[in-house]
Amino acid sequence: MRIVVIGGTGLIGSKLVRKLGEQGHEAVAASPNTGVDTLTGAGLAEVLAGASVVVDVSNSPSFERAAVLEFFETSTRNLLAAESAAGVGHHVALSIVGTERMPENGYFAAKIAQEQLIEKSSIPFSLVHATQFFEFARGIADEATIDGKVHVAPVRFQPIAGDDVAEAVGRVATGSPLNGRIEIAGPDQYRMDEFFREALAAWGDPREVVTDPHARYFGTEPGERTLVPGEGAGLGRLRYRDWLAGQ
């Protein structure tokens, strides 16, 4: 199949394009770097010609609340319209576990808006909700740092390797549309503060991890199970320690 990956030069997209290509599919990376701009619509008609499936793993260049909402609403509207014109039969989007449980978070609210547009469109779709990526752990720690200490809430946390995300999204993209969602997560669930205490030690990072019940996750206090999936989630194979050892 011809499968167009929007955001195909990024962390997950590049892995996905490679995996799909290895399976014999015509996987096309589409991003501003390749002349495709979902915000303006430039290049969409050309890249979607003959495509059976579109996978959107793109991300907003800004996480500011209004900017991220504008990005996901505008890009998704443009993409769905172009897919409809091109006769695309399956739209796959990568989203986040817990969006509906933390709508006060600006980024999560923007992803909810994106999903609603996809669900209301006439194009068969699949949504893949993933937990936080191993690759983003350092960024999460940096965001949580106050006066040189990493403040983390003692809530459940179940991160996943980017390779496992790409593999799961690839399986969905080459299957029949779900017209619904699946959840994916890493194989191990932790208490978030304990995960970061162990992770910082493994990184050789001297920052102290402070267990703080009111610590914010990118501006919002998470609940006990906000960031972890429900029953029946697909689980990745890579454990964090093994993944880190391979970096």
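Calculation criteria
Residues numbered from 1 in each chain as written. Predicted model: local features only at pLDDT ≥ 70, side-chain atom pairs only at ≥ 80, totals over all residues. Heavy atoms only, no water. Helix = DSSP H or I, 4+ residues; strand = E, 2+ residues; numbered from the N terminus. Buried < 20%, exposed > 50% of the residue type's maximum accessible area, 1.4 Å probe, protein only. Pairing = 2+ DSSP bridges. Core = buried A, V, L, I, M, F, W, Y, C linked by side-chain atoms within 4.5 Å. Axes fitted to C-alpha atoms, helices over the stretch in contact; angles between N-to-C directions. Parallel < 35°, antiparallel > 145°, perpendicular 65-115°, else oblique. Left-handed = near helix turned anticlockwise from the far one by under 90°. Contact = heavy atoms within 4.5 Å. Nonpolar A, V, L, I, M, F, W, Y, C, P; charged D, E, K, R; others polar. Expected span 1.5 Å × (residues − 1).

1. Observations concerning unusual backbone geometry
Glycine aside, the phi torsion of most residues is negative, and most peptide linkages are trans.
Line of reasoning, step 1. Positive phi, close to 55°, is recorded for Asp147, a residue that is not glycine.
Line of reasoning, step 2. Relative to the helices and strands, Asp147 is located in the loop between strand S6 (145-146) and strand S7 (149-152).
Line of reasoning, step 3. One non-glycine residue, Phe218, lies in positive phi territory at about 50°.
Line of reasoning, step 4. Considering the arrangement of structural elements, one finds Phe218 in the loop between strand S11 (209-211) and strand S12 (234-235).

2. Concerning the pairing of strand S1 (residues 2-6)
Line of reasoning, step 1. With 5 of 5 residues buried, S1 is to be regarded as a mostly interior element.
Line of reasoning, step 2. With burial as the criterion, each face of S1 is covered, one bearing Arg2, Val4 and Ile6 and the other bearing Ile3 and Val5.
Line of reasoning, step 3. Bridging between S1 and strand S2 (residues 26-30) involves 5 bridges; their strand directions are parallel. By the bridge assignment for S2, Arg2 is matched with Glu26.
Line of reasoning, step 4. Across 4 bridges, the pairing between S1 and strand S3 (residues 53-56) is parallel. Opposite Val5, over in S3, you have Val55 as the bridge partner.

3. Some remarks on the nonpolar core
As a rule of thumb, nonpolar side chains are buried together in soluble globular proteins.
Line of reasoning, step 1. Membership of the largest hydrophobic core comes to 32 residues, with the highest contact counts inside it found for Met192, Phe195, Phe196, Trp203 and Tyr240.
Line of reasoning, step 2. For this core, the elements supplying multiple residues, two or more each, are helix H3 (65-86), helix H4 (106-120), helix H5 (137-143), S7, helix H7 (192-203) and helix H8 (240-245).
Line of reasoning, step 3. Per-element accounting of this core gives the leading share, 6 residues, to H7.
Line of reasoning, step 4. Within the second largest apolar cluster, 22 residues are counted, among which are Val55, Leu94, Ala168 and Ile184.

4. Looking at the packing of helix H1 (residues 11-22) against helix H6 (residues 162-173)
Line of reasoning, step 1. H6 packs onto H1 with a crossing angle of 55° between their chain directions and a minimal axis gap of 9 Å. Comparing their axes, H6 and H1 come out oblique. Here H1 and H6 pass one another in a crossing that is right-handed. Of H6, the residues touching H1 (which contributes Ile12, Lys15, Leu16, Arg18, Lys19 and Leu20) are Gly162, Asp163, Val165, Ala166, Glu167, Val169 and Gly170.
Line of reasoning, step 2. Residues that form the contact of H1 with H6 fall into these classes: 6 nonpolar, 2 polar and 5 charged.

5. Some thoughts on H1
In an α-helix there are 3.6 residues to a turn, and that puts residues three or four apart on one side.
Line of reasoning, step 1. The end-to-end C-alpha distance of H1 is 17 Å, a good match for the 16 Å that 12 residues give at a rise of 1.5 Å each.
Line of reasoning, step 2. Taken together, the buried positions of H1 are occupied by Ile12, Gly13, Lys15, Leu16, Val17, Lys19 and Leu20.
Line of reasoning, step 3. Contacts made by the buried residues of H1 are with S1, S2, S3, strand S4 (90-96) and H6.
Line of reasoning, step 4. After H1 finishes, the residue Gly24 shows a positive phi value of roughly 95°.

Read these as geometric descriptors, not functional statements.
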